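In case you want the letters, here they are:
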Amino acid sequence: RNKTVSDTYEPGSVFKIMTAAMALEEDLTTLDSSYNCAWSITIAGQVYHCHKKGGHGTQNFKSAMVHSCNPAFITLGQLVGTSKFSKYFDAFGLTKKTGIDLPGESLPVFHSEKNMGPTELASSSFGQTFNITPIQLITAASAAVNGGNLVKPYVVGQILDSNNNVIKSTQTTVKRQVISEETSKKIRTMMQAVIEDGGAKNAYVAGFKTGAKTGTSEKVAQNQASGQVKYIASTIGFAPIDDPELAVLVLIDEPNGSSYYGGAVAAPVVSEIFSEVLPY
């Protein structure tokens, strides 16, 4: 069983990369736009909290990403609206399989536009109440930082016969341009700031410019069934961030102990991988 393609999960705050890209592309925010976090925000009677008790106070959008502030991204989601959110969600390839050349790829489970109300939009904007596969997530996030192009992932580059003649060769296939290069550059700037000043500091690699975003998502359906609270901790990293060639997504399923956050348990793994791959 290849969990990368066959298992779906709620991505949590890693998905904020895509919410940010939507809002920037639609000119609904800038990196310097101001947002206030007073710990909680209420949407259609539902109260959502920031992970920081007491809130972050007034912050700009770049800082909201660094802080991974839920109220700020919920505010952004409401600005984007259900129609455009659904359009970009589809454009980032999150409504269907990626088509990767591996067996057993699962379909995502998400809110359709007609079934998405203010609360579904609010929770979706910070990566909860929908399920996607890790390969979908890394493909979408790569599009956000590579200049805006959604690329079909593949494993096998060439198939050779017994005489080493090429029978089949796979070429990079760009499905569509989701966001502009200008927006993508802003996302890269934010991802670098998350490593330098935010929750992904543990993904830092000395001597290289990298970017990352962490996430800690509740396993909502499983938690409701079991009465326990379990998490998936994750970190996605990109390098070199000014012209990304590598993307790494690490998921820790149900981490034990008090340090269950993505920045604490998944980010160090990203750092270890990059520290070996980047010099090579």
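Draft legend 1. Looking closely at the overall build of the chain. Scanning the chain for helices and strands turns up ten helices and eleven strands. In terms of C-alpha radius of gyration, the chain reaches 19 Å, essentially the compact-globule figure of 19 Å for 280 residues. Counting only C-alpha atoms, the chain reaches 65 × 45 × 40 Å along its principal axes. Buried positions account for 48% of the 280 residues belonging to the chain. In the form shown here, the chain has an accessible surface area of approximately 13,200 Å², with 49% of it arising from carbon and sulfur atoms. Across the chain, the centroid of the 23 positively charged side chains sits 4 Å from that of the 24 negatively charged ones.

Draft legend 2. Representation of a nonpolar patch on the surface. A surface patch of nonpolar side chains, amounting to about 340 Å² of accessible area, comprises V155, V156, I159 and I167. With respect to the secondary-structure elements, I167 resides in strand β7 (residues 166–169).

Draft legend 3. Molecular detail of unusual backbone geometry. With omega at -20°, the peptide bond leading from A239 into P240 counts as cis. Of note, P240 is situated in the loop between β10 (231–239) and β11 (246–253). Phi at T129 is positive, roughly 70°, even though this residue is not glycine. With respect to the helices and strands, the residue T129 is situated in the loop between α5 (118–125) and α6 (134–145).

Draft legend 4. Local environment of the pattern of salt bridges. Scanning all chains against the criterion turns up nine salt bridges. With its nearest N and O atoms 3.5 Å apart, the salt bridge here joins D253 to K3. Taken as a pair, D253 in strand β11 and K3 in helix α1 (residues 3–6) lie far apart in primary sequence, 250 residues in all. A salt bridge links E182 to K186, with the shortest nitrogen-to-oxygen separation between them at 3.8 Å. Taken together, the residues E182 and K186, both in helix α7 (residues 181–197) and four residues apart, mark about one turn of the helix. The exposure class of K186 is partly exposed, given its relative accessible area of 26%. A network of salt bridges, in which partner residues are shared, links K3, K219, D253 and E254.

Draft legend 5. Spotlight on the packing of aromatic side chains. Taken as a whole and judged by the stated rule, the model has eleven aromatic pairs. Look at F15 and F130: their rings are 5.0 Å apart centre to centre, the planes differ by 70°, and that puts the pair in the edge-to-face class. Of this pair, F15 sits in the loop between α1 and α2 (16–25) while F130 sits in the loop between α5 and α6, placing them 115 residues apart in sequence. By relative accessible area, which is 0% here, F15 ends up buried.

Draft legend 6. Structural context of helix α10 (residues 267–277). Within α10, the full set of buried residues consists of A267, V270, S271 and F274. Taken around the axis of α10, the buried residues stretch over an arc of 100°, which confines them to a single face. Exposed side of α10, more than 90 degrees from the buried face: E272 and E276 are the residues found there. Where α10 is buried, its residues touch β10, β11 and α9 (262–265).

Draft legend 7. Representation of the nonpolar core. Of all hydrophobic cores here, the largest spans 67 residues; its most connected members are I17, F61, F92, I187, M191 and I236. The residues contacting I187, other than those within four sequence positions of it, are I17, A20, A21, L24, A144 and V145. One finds I41, Y48, I74 and F126 within the second-largest nonpolar core, a separate group that totals six residues.

Calculation rules
- Residues numbered from 1 in each chain as written.
- Predicted model: local features only at pLDDT ≥ 70, side-chain atom pairs only at ≥ 80, totals over all residues.
- Heavy atoms only, no water.
- Helix = DSSP H or I, 4+ residues; strand = E, 2+ residues; numbered from the N terminus.
- Rg over C-alpha atoms; globule rule 2.2 N^0.38 Å.
- Buried < 20%, exposed > 50% of the residue type's maximum accessible area, 1.4 Å probe, protein only.
- Areas by Shrake-Rupley, 256 points an atom, 1.4 Å probe, with all protein chains shown as cover.
- Lys, Arg positive; Asp, Glu negative; His and termini not counted.
- Charge placed at Lys NZ, Arg CZ, Asp CG, Glu CD.
- Patch = residues over 30% accessible without salt bridge, like charges linked within 9 Å, V, L, I, M, F, W, Y side chains within 5 Å.
- Salt bridge = Lys/Arg side-chain N within 4 Å of Asp/Glu carboxyl O.
- Phe/Tyr/Trp six-rings, centres within 6.5 Å; stacked < 30°, edge-to-face > 60°.
- Arc of directions from axis to C-beta.
- Contact = heavy atoms within 4.5 Å.
- Core = buried A, V, L, I, M, F, W, Y, C linked by side-chain atoms within 4.5 Å.

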